[in-house]
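Reading the structure
Chain by chain, the residues run as shown.
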Amino acid sequence: MRLRKLHKFLIVVGALALVFYILSIKKLPEKITYGVSFSKFHADELELDWKETYLALLDDLGVRHFRFTIHWPNTEPEDDKFNFKELDYQIAEANKRGADYILAVGRRLPGWPECHDPEWVKSKSSEYLMLKDFVKFRQDELLEYIEKAVERYRNEPGLKYWQVENEPYLGFFSRSLCGELDKEFLMKEM
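Residues numbered from 1 in each chain as written. Predicted model: local features only at pLDDT ≥ 70, side-chain atom pairs only at ≥ 80, totals over all residues. Heavy atoms only, no water.

Let us now look at the overall build of the chain. Check the secondary structure of the chain and you find 9 helices and 4 strands. Ordered by position in the sequence, the α and β elements of the chain form the string α-β-α-α-β-α-α-β-α-α-β-α-α. Against the compact-globule benchmark of 16 Å for 190 residues, the chain has a radius of gyration of 23 Å, which places it well outside the compact range. Projecting the C-alpha coordinates of the chain onto the three principal axes gives extents of approximately 75 × 45 × 30 Å. With 190 residues in all, the chain has 35% of them scored as buried. (Helix = DSSP H or I, 4+ residues; strand = E, 2+ residues; numbered from the N terminus. Rg over C-alpha atoms; globule rule 2.2 N^0.38 Å. Buried < 20%, exposed > 50% of the residue type's maximum accessible area, 1.4 Å probe, protein only.)

Here the structure, examined in full by the defined rule, presents 14 aromatic pairs. Ring geometry for tyrosine 128 against phenylalanine 134: centres 6.0 Å apart, planes inclined by 55°, an arrangement best described as tilted. For tyrosine 128, a relative accessible area of 28% translates into the label partly exposed. Residue classification places phenylalanine 134 among the buried residues on the basis of a relative accessible area of 8%. Directly above the ring of tyrosine 89 sits lysine 51, whose terminal nitrogen or CZ lies 4.6 Å from the centroid. (Phe/Tyr/Trp six-rings, centres within 6.5 Å; stacked < 30°, edge-to-face > 60°. Lys NZ or Arg CZ within 6 Å of the ring centre and 35° of its normal.)

Further remarks concern a nonpolar patch on the surface. A grouping of Val12, Leu16, Val19, Phe20 and Leu23 is seen on the molecular surface, where their side chains present a nonpolar patch of about 500 Å² in accessible area. Mapping valine 19 onto the fold places it in helix 1 (residues 2-24). For valine 19, a relative accessible area of 45% puts it in the partly exposed group. (Patch = residues over 30% accessible without salt bridge, like charges linked within 9 Å, V, L, I, M, F, W, Y side chains within 5 Å. Areas by Shrake-Rupley, 256 points an atom, 1.4 Å probe, with all protein chains shown as cover. Salt bridge = Lys/Arg side-chain N within 4 Å of Asp/Glu carboxyl O.)

With that out of the way, let us pick up the pairing of strand 3 (residues 100-105). Of all 6 residues that make up strand 3, 5 are buried, and the element is covered over most of its length. When strand 2 (residues 65-69) meets strand 3, the two strands line up parallel, connected through 5 bridges. Among the inter-strand pairings, arginine 67 is bridged to a residue of strand 3, identified as isoleucine 102. Bridge analysis of strand 3 against strand 4 (residues 159-164) gives 5 bridges, and the strand direction is parallel. Among the inter-strand pairings, tyrosine 101 is bridged to a residue of strand 4, identified as leucine 159. (Pairing = 2+ DSSP bridges.)

This part covers the sheet that holds strand 1 (residues 36-38). The parallel open sheet is built from 4 strands, whose spatial order is 1-2-3-4. Across the chains shown, the open sheet's two edge strands, defined by having one partner strand only, are strand 1 and strand 4. Ignoring which end each strand starts from, the neighbouring axes of this sheet average 25° apart. Looking at chain direction, strand 1 and strand 2 are connected through 3 bridges and run parallel. (Axes fitted to C-alpha atoms, helices over the stretch in contact; angles between N-to-C directions.)

This part takes up the packing of helix 3 (residues 50-60) against helix 5 (residues 85-96). The geometry of helix 3 relative to helix 5 is characterised by a closest axis approach of 11 Å and an angle of 20° between their N-to-C directions. With respect to each other, helix 3 and helix 5 are oriented roughly parallel. Handedness of the crossing formed by helix 3 with helix 5: right-handed. Facing helix 3, whose interface residues are Trp50, Lys51, Tyr54, Leu55 and Leu58, helix 5 presents Glu86, Tyr89, Gln90, Glu93 and Ala94. Across the contact of helix 3 with helix 5, the residue classes break down as 6 nonpolar, 1 polar and 3 charged. (Parallel < 35°, antiparallel > 145°, perpendicular 65-115°, else oblique. Left-handed = near helix turned anticlockwise from the far one by under 90°. Contact = heavy atoms within 4.5 Å. Nonpolar A, V, L, I, M, F, W, Y, C, P; charged D, E, K, R; others polar.)

Core analysis: the largest hydrophobic core is formed by 34 residues, its most contacted members being Phe38, Phe66, Phe68, Ile70, Tyr101, Leu103 and Tyr145. When residues of this core are traced back to their parent elements, those giving at least two are helix 3, strand 2, helix 5, strand 3, helix 6 (119-123), helix 7 (131-153), strand 4 and helix 9 (183-189). Ranked by residue count, the leading element in this core is helix 7, at 7 residues. The residues touching leucine 103, leaving out its near neighbours within four places in the chain, are Phe68, Ile70, Ile91, Tyr153, Leu159, Tyr161, Trp162 and Gln163. (Core = buried A, V, L, I, M, F, W, Y, C linked by side-chain atoms within 4.5 Å.)

The next subject is unusual backbone geometry. Phi at glutamate 47 takes a positive value of approximately 60°, unusual for a residue other than glycine. If you trace the backbone, glutamate 47 turns up in the loop between helix 2 (40-45) and helix 3.

Structure follows, in structure tokens:
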């Protein structure tokens, strides 16, 4: 009886080893192209000189594929006062070197915490008696910021794609800070 179990076990292990061997001989691509996500927002959190860090990625490492995040708090630090200076610099330097990039916009962007509201938006929450009214206000302001970003960068030569919200259907990590996914509003953002 034990010999039979050992025999079955060895057959299963042998079969798995054969499968892994077959999968391992699959030809790898000749050239693997890597890209990076770069965020001034997170460079600042890490107390890095963001320009120095970014230029090192471009020039020392030769990175030519980026995802840039257009964090709402950095882009609209005050209501209707937009700041694109840092992102303009990143895009200009990428364009000079022939790099391409994805621009990520929205409230939910890579990094923790995932949802980023400017302080001026957060401070308005106490002005609303109903949560749904505050959510509507925030959504209207969010759409305005996205529209400004798209208008500004839509014709950039290195722009390959837009990313609207980061992993919006992955609720596990962000539900407590971002709330439930509003699919109808996500469609408006897109």
